[in-house]
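The chain contents come next:
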Amino acid sequence: MITTRSESLRPLQFLTPCPPLPYGRGGTKGERRSLTRTPGPTTRLVVVALLLLAHLPATAQVTAIRAGRLIDPETGTMSTNQVILVQDRKFTAVGPNVTIPQDATVIDLSQLTVLPGLVDSHNHLSLTYKEMPENNFYYLTYVMDSSPLRAIQAVSNGIQMLSAGFTIVRDLGNNGNYTDTALRQAIEQGWVPGPTIINSGIIIGGAGGQFWPTPEMAVDHNIVYPEYLDADTPDEIVKAVRKNALFGARVIKICVDCKPWGYSVDDMKLFISEAAKIGLKVAGHVQTVEGARRAIEAGIWSIEHDRGLNDELHKLMAQKGIFRAGTETPISLTGHTTQTRYQATVAGLKNAYDNKVLITYSTDADYYVPGKTRGQVAIEFIETWKAAGIPAPAILKAMTTTGYKITTLEQTRGPIKAGLWADLIGVPGNPLQNIDALRDVQFVMKDGAVFKRNGVMTPESYFHGGPVYGWNLR
Ligand SMILES: [Zn+2]
């Protein structure tokens, strides 16, 4: 279902329907005469080849990165003095003895540790609730901030996330009227820089979503939309999944138990089978133990938030290979969790790790913390992981390898491997020893271009006056 970006050969499509040429025995006398002036098949081939060449880009520039240290988060190992070649926005070679072509642009990162980009597996880039004027109360945010304003916020938040080293963000709803799709398209088409976005479109829930609106607001003013799509019956479930797919979702997000009745195991199986027809996975917002139990039984792809999870359910998740996006808010983000809640979160994360659950790094960082960028807020969540006693290599794996898997991108993007999209970051320290090294991202490459160098964003090459990578279908 995921449409890849148009390749540079796309303009050739316009050359292919050649006009029929008047040759062959069936032609009239006049046509045969004209044939003598028409180039023969060989000449025509040469002409077509020249035309094709004229439309091909000049040989793409090779970029060579000299990496002082290179981390493979999958194995938790580090190698030294590596060369990484990039061409046409993808990695083409990685290793210690790779020859650097003479005309290559060389980027010297010999003083840095290079590693694959980070993943935030749960964020809302088009949502920013704030102390003022809405008292950090997101129910008001969507009433006060228009979808267009939120789309602009999303672009800014995406840039801030990329600057902090997050090259992939799973953007899970509460994004107004499909602003998450617009953000993804804008990045994919080449208008603005940003992480690769795996977006959910509108969260699907039973009537009311996560809100408890008054009857007059819900019924007379349809106030729940576009934060939530109501789907209470099997027909509505199918329709809602298809609507999100139509409007550009790359994952389906559902509210498993936002209301006491919630979705049944059969409801969720229907979500999963309908989404699978379109190649999408289902992420479930879960807040109760019973909701989590039903979601796990139904075989959901990922459980969002940690409130409903316990030792027994973690064991089941590990058995069934269900991802955990626990959104573990650190106590250092004052006002966004409580001491009691934080202690439960830390204990739950430790238990999930001990049970070998597929744990991902996820933040739900959809609020404004004065003095911090959205990326800095997201990286602050490593505090919870450290408090849970999880070793740095395992934290890094949750932020990379497992993130590539939950987003279903691992075959095309993430690892620094020939053939994959060229995303990587560089930090001075060694995050395998000290995860706090990730707080100081000095270098970011996204899709083969340099986005940040020496700690300064240099995004010029990402801004274009047109859709340089083509107008994608949603
Ligand atoms: Zn969320």
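Residues numbered from 1 in each chain as written. Predicted model: local features only at pLDDT ≥ 70, side-chain atom pairs only at ≥ 80, totals over all residues. Heavy atoms only, no water.

Attention shifts here to the coordination of the zinc ion. Distances from the zinc ion to its protein donors, His 122 (NE2), His 124 (NE2) and Asp 364 (OD), fall at 2.0 to 2.2 Å. Sequence positions of the residues that donate to the zinc ion give the spacing H-x1-H-x239-D. Under the relative-accessibility criterion, His 122 is labelled buried at 0%. (Donors = N, O, S within 2.8 Å, 3.2 Å for Na, K, Ca; no water. Buried < 20%, exposed > 50% of the residue type's maximum accessible area, 1.4 Å probe, protein only.)

Following the sequence through the fold, Met 161 ends up in helix α4 (residues 147–163). Judged by its relative accessible area of 0%, Met 161 is buried. Residues Met 161 and Gly 375, 214 residues apart in the sequence, show an inter-C-alpha distance of 4.1 Å. Apart from the residues within four sequence positions on either side, Met 161 is in contact with Asp 120, Asn 123, Leu 125, Phe 166, Val 169, Pro 195, Arg 374, Gly 375 and Ala 378. (Helix = DSSP H or I, 4+ residues; strand = E, 2+ residues; numbered from the N terminus. Contact = heavy atoms within 4.5 Å.)

A cluster of nonpolar side chains, contributed by Phe 137, Tyr 139, Leu 140, Val 143 and Met 144, occupies part of the molecular surface with about 450 Å² of accessible area. Looking at the secondary structure, you find Phe 137 in the loop between β5 (118–123) and α3 (138–144). By relative accessible area, Phe 137 is classed as partly exposed at 46%. (Patch = residues over 30% accessible without salt bridge, like charges linked within 9 Å, V, L, I, M, F, W, Y side chains within 5 Å. Areas by Shrake-Rupley, 256 points an atom, 1.4 Å probe, with all protein chains shown as cover. Salt bridge = Lys/Arg side-chain N within 4 Å of Asp/Glu carboxyl O.)

One open sheet holds the 3 strands; their spatial order is β5-β6-β7, and the pairing between them is parallel. Taken across any chain shown, the strands that pair with only one partner, and hence form the sheet edges, are β5 and β7 (196–199). Going from strand to strand, the sheet's axes swing by 15° on average, the running direction of each strand aside. By the bridge criterion, 4 bridges tie β5 to strand β6 (residues 166–171) in an arrangement that is parallel. Residue Asp 120 lies in a different strand from β6, and its bridge partner there is Val 169. The sheet strands contacting α4 are β5 and β6, and the helix crosses β6 at an angle near 135°. (Pairing = 2+ DSSP bridges. Axes fitted to C-alpha atoms, helices over the stretch in contact; angles between N-to-C directions.)

Attention shifts here to the nonpolar core. Ranked by internal contacts, the top residues of the largest apolar core, which has 93 residues, are Ile 204, Ile 254 and Ile 303. For this core, the element with the most residues is helix α14 (residues 392–399), which contributes 6 residues. When sequence neighbours within four positions are dropped, the list of residues in contact with Ile 303 reads Gly 284, Val 286, Ala 292, Ala 295, Ile 296, Leu 309, Met 317, Ile 322, Phe 323, Arg 324 and Ala 325. Counting residues in each nonpolar core, the second largest holds 16 residues, with Ile 65, Ala 67, Ile 416 and Ala 422 among its members. (Core = buried A, V, L, I, M, F, W, Y, C linked by side-chain atoms within 4.5 Å.)

Right, let's get into the sheet that holds strand β4 (residues 105–115). Sheet architecture is open: 8 strands sit in the order β3-β2-β1-β4-β15-β16-β17-β18, paired in mixed fashion. Each edge of the open sheet carries a strand with a single partner, namely β3 (90–95) and β18 (456–457). Where strand β1 (residues 62–72) meets β4, 7 bridges bridge the pair, whose relative direction is parallel. By the bridge assignment, Thr 63 is partnered in β4 with Thr 105.

On to the packing of aromatic side chains, then. Tallied over the entire structure, the rule returns 16 aromatic pairs. Centroid distance Tyr 142 to Phe 211: 4.7 Å. Interplanar angle 25°. Geometry classified as stacked. Taken together, the residues span a long stretch of sequence, with Tyr 142 in helix α3 and Phe 211 in the loop between β8 (203–205) and α6 (215–220) at a distance of 69 residues. Just as Tyr 142 is buried, Phe 211 falls in that class too. Through successive ring pairs, a cluster of aromatic residues spans Tyr 129, Phe 137, Tyr 138, Tyr 139, Tyr 142, Phe 211, Tyr 228 and Tyr 367. The residue whose ring lies beneath Arg 89 is Tyr 469, and the NZ or CZ to ring-centre distance is 3.6 Å. Against the face of Trp 212 rests Lys 259, its NZ or CZ located 4.4 Å from the ring centre. (Phe/Tyr/Trp six-rings, centres within 6.5 Å; stacked < 30°, edge-to-face > 60°. Lys NZ or Arg CZ within 6 Å of the ring centre and 35° of its normal.)

Following the criterion strictly, the structure yields 1 disulfide and no others. The disulfide bridge from Cys 255 ends at Cys 258, spanning 2.1 Å between sulfur atoms. The chirality of the disulfide connecting Cys 255 with Cys 258 is left-handed, given an S-S dihedral of about -75°. Owing to a relative accessible area of 3%, Cys 255 belongs among the buried residues under this scheme. (Disulfide = S-S within 2.5 Å.)

With 13 residues, helix α8 (residues 265–277) should cover 18 Å at 1.5 Å per step; its first-to-last C-alpha distance of 19 Å lies within 8% of that length. Along α8, the residues that are buried comprise Val 265, Asp 267, Met 268, Phe 271, Glu 274 and Ala 275. Packed against the buried residues of α8 are β8, α7 (234–246), β10 (252–255), β11 (282–285) and α9 (289–298). (Expected span 1.5 Å × (residues − 1).)

Looking now at helix α10 (residues 311–320). Residues of α10 that are buried: Leu 313, His 314 and Met 317. The buried residues of α10 occupy an angular sector of 105° when projected down its axis, which confines them to one face. If you follow the buried residues of α10, they end up packed against α9, β12 (302–304), β13 (323–325) and α11 (339–354). You can read the cap of α10 off the contacts: a side-chain oxygen lies 3.2 Å from the backbone nitrogen of Glu 312, and it is on Asn 310. (Arc of directions from axis to C-beta. Polar contact = N/O pair within 3.5 Å; in protein donor to acceptor, adjacent residues only side chain to side chain.)

Right, let's get into the side chain of Thr 407. Summarising the element assignment, Thr 407 is placed in the loop between α15 (401–406) and β15 (424–427). For Thr 407, a relative accessible area of 2% puts it in the buried group. One polar contact links the side chain of Thr 407 to the main-chain carbonyl oxygen of Gly 403, over a distance of 2.8 Å. Non-local contacts of Thr 407, meaning those with residues more than four positions away in its chain, are made with Val 119, Ile 168, Arg 170 and Ile 198.

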